[in-house]
Amino acid sequence: MAPRLPARCWRQLSLVERSAIHTTTASPLLLAGRITPTTASSSPSTFFPSLLPQITKRGVKYGWSTLPKRSRPTRFNQVTQGLPAPTSGPAAALKRREKTTPLRTGVLAVKKGMTVFMGRTGARIPCTVLQLDRVQIVANKTRAKNGYWAVQVGLGERRAENVGAPQLGYYEAKGIPPKQTLAEFKVHNQDGLLPVGVQLLPDWFHVGQVVDVRGITRGMGFAGGMKRHGFSGQGASHGNSKNHRTVGSVGGSQGSGSRVLPGKKMPGRMGAQQHTVQNLPVLMVDNELGIVVVKGAVAGHKGAVVKVQDAVKKAPPPEEFVEATKKLINERFPDAEETLQAARKLHLELKDARRQGLIDSLIKNGLTEKVDGKVAVEASA
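Calculation notes
Residues numbered from 1 in each chain as written. Predicted model: local features only at pLDDT ≥ 70, side-chain atom pairs only at ≥ 80, totals over all residues. Heavy atoms only, no water. Pairing = 2+ DSSP bridges. Helix = DSSP H or I, 4+ residues; strand = E, 2+ residues; numbered from the N terminus. Axes fitted to C-alpha atoms, helices over the stretch in contact; angles between N-to-C directions. Contact = heavy atoms within 4.5 Å. Patch = residues over 30% accessible without salt bridge, like charges linked within 9 Å, V, L, I, M, F, W, Y side chains within 5 Å. Areas by Shrake-Rupley, 256 points an atom, 1.4 Å probe, with all protein chains shown as cover. Salt bridge = Lys/Arg side-chain N within 4 Å of Asp/Glu carboxyl O. Lys, Arg positive; Asp, Glu negative; His and termini not counted. Charge placed at Lys NZ, Arg CZ, Asp CG, Glu CD. Buried < 20%, exposed > 50% of the residue type's maximum accessible area, 1.4 Å probe, protein only. Phe/Tyr/Trp six-rings, centres within 6.5 Å; stacked < 30°, edge-to-face > 60°. Lys NZ or Arg CZ within 6 Å of the ring centre and 35° of its normal. Expected span 1.5 Å × (residues − 1). pLDDT = per-residue confidence, 0-100. Core = buried A, V, L, I, M, F, W, Y, C linked by side-chain atoms within 4.5 Å.

Turning our eyes to something else, we now look at the sheet that holds strand β4 (residues 150-155). The strand order β3-β4-β5 describes an open sheet built from three strands, whose pairing is antiparallel. Lying at the two open borders of the sheet, with one neighbouring strand each, are β3 (136-141) and β5 (181-186). In this sheet, adjacent strand axes meet at a mean angle of 25 degrees when their direction is disregarded. Relative to β4, β3 is paired through five bridges, and the arrangement is antiparallel. By the bridge assignment for β4, Asn-140 is matched with Val-151. Strands in contact with helix α6 (residues 165-172) are β3, β4 and β5; relative to β3, the strand with the most contacts, it is inclined by about 95 degrees.

Right, let's talk about a negative patch on the surface for a bit. A grouping of Asp-191, Glu-319, Glu-320 and Glu-323 is seen on the molecular surface, where their side chains present a negatively charged patch. Summarising the element assignment, Glu-320 is placed in helix α8 (residues 319-332). Overall, the relative accessible area of 62% leaves Glu-320 in the exposed class.

Here the focus is the packing of aromatic side chains. Under the defined criterion, the tally for this structure stands at one aromatic pair. For Arg-104, the ring lying beneath its charged end belongs to Trp-204, and the centroid distance is 4.4 Å. Across the ring face of Tyr-148, the terminal group of Lys-186 is positioned such that the distance to the ring centre comes to 5.0 Å.

Before going further, it helps to examine the pairing of β4. In terms of burial, β4 is largely enclosed, as six of its six residues are buried. Where burial is concerned, the two faces of β4 agree: the one with Ala-150, Gln-152 and Gly-154 and the one with Val-151, Val-153 and Leu-155 are both buried. In this sheet, β5 lies alongside β4 in antiparallel orientation, the contact comprising six bridges. Looking at the pairing, Ala-150 lines up with Lys-186 of β5.

This brings us to helix α9 (residues 336-355). Counted at 1.5 Å a residue, the expected span for α9 with its 20 residues is 28 Å, and the 29 Å between its end C-alpha atoms agrees. Within α9, burial applies to Ala-336, Leu-340, Ala-343, His-347, Glu-349, Leu-350 and Ala-353. Note on α9: the residue one or two positions beyond its end, Gly-357, has a positive phi of about 75 degrees.

A separate point is the confidence of the model for the protein. Per-residue confidence for the protein averages 82 on the pLDDT scale, and 73% of its residues sit at or above 70. Taken as a whole, residues 376-381 scores under 50 in pLDDT and shows 10 contacts with residues more than four places along the chain or in a different chain.

To continue, consider the sheet that holds strand β9 (residues 274-286). Spatially, six strands are ordered β1-β2-β10-β9-β6-β11 in a closed barrel, and the strand pairing comes out antiparallel. Within this sheet the neighbouring strands show an average axis-to-axis angle of 45 degrees, counted without direction.

Relative to the helices and strands, Asp-335 resides in the loop between α8 and α9. Spatially, the C-alpha atoms of Asp-335 and Gly-197 are 9.8 Å apart, while their sequence positions differ by 138 residues.

Let us now look at the nonpolar core. Among the nonpolar cores identified, the biggest contains 33 residues, and Val-107, Leu-200, Val-211, Val-294 and Val-308 are the most heavily contacted of them. Sorting the residues of this core by element identifies β1 (107-118), β4, β5, β6 (210-216), β9, β10 (291-295) and β11 (305-310) as the ones contributing at least two each. Filtering out sequence-adjacent residues up to four positions away, Val-308 remains in contact with Gly-106, Val-107, Ala-109, Leu-130, Phe-185, Phe-205, Val-211, Asp-212 and Val-213.

Okay, the pattern of salt bridges next. Tallying each qualifying case throughout the model produces eight salt bridges. The shortest N-O distance in the salt bridge between Arg-159 and Glu-161 comes to 2.5 Å. Here Glu-161 falls in the exposed class, since its relative accessible area comes to 55%. Asp-203 serves as the salt-bridge partner of Arg-332, at 2.5 Å between the closest nitrogen and oxygen. Of this pair, Arg-332 sits in helix α8 while Asp-203 sits in the loop between β5 and β6, and the two are 129 residues apart along the sequence. Here the salt bridges do not stand alone but share partners, grouping Asp-133, Arg-134 and Glu-157 into one network.

Laid out in structure tokens, this is it:
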């Protein structure tokens, strides 16, 4: 049922009625022939032009509702709290994540195991050893081309015969050997991008810095409720028969709709999920051994690949350290851009040789010289 009009609305309608009677302009309803002038003048008290429907129907579908006014319609995501209005555009999505996106890229590392450090007071500090194995920058993602800023990082190496042809061409165009693992790290803006082909060493981090380590937990297989969720189980005696480790009732018969509610903790597959351990302090950095030692435990088994990046819930590294690391990379790899351009040029030449069917002789005899910027191949005897 539609809500009743308050008294102030009726008073305003009466004023509109009096002005409508004394006006000399013909009403649209009169012109349309829906009412007659005698009807409008004979019973003015029962005729309210503003109350006649301006649209054919009334309802929620046509913009009219009987729901009460909400007290706080913008309780969440308020603009006054510094949050942008929720939209589905890429610009708004980047704006929402700008405070939680690290300034620098992360690295890929191999979990070698756990050990302990002895503190100054003799306390045993558990720590995890992470090894950086030939970590290189493979590609950069830009806002103009991909919609966001990110750096693609590769770890280790793979044998060429175990890599598909499209992937081999991808690495060939960058002058990088095929990588064992690829990962993408989002950065705040273009200042976080690095030249393609440079190698990241453990001194990318410094002692005392806090990092976030993300890995895949060990798979436990199918586990019961006591192991998976920490349930206490049923009674050990007093009439309990063969139900000591069961989860018990999982749903009501009538109150919950005779169903099992979504999200109910029940037995199922445990582990093998991505897990992030935040705010781990860096205890040791060694370029010769290629290791980064962090305090505490990290998800994953021995030999698992993990992602290490600056902590998102703590302050970023000092600006002086960030600039020093960039300068150090430029000093170690001064010809990174030239090497990339030469690799791209060679990739196009080899691509033409494959199309012409000369790649077999090229592999057999090798590159001899370049004539007019093209690869020259010796004809096999």
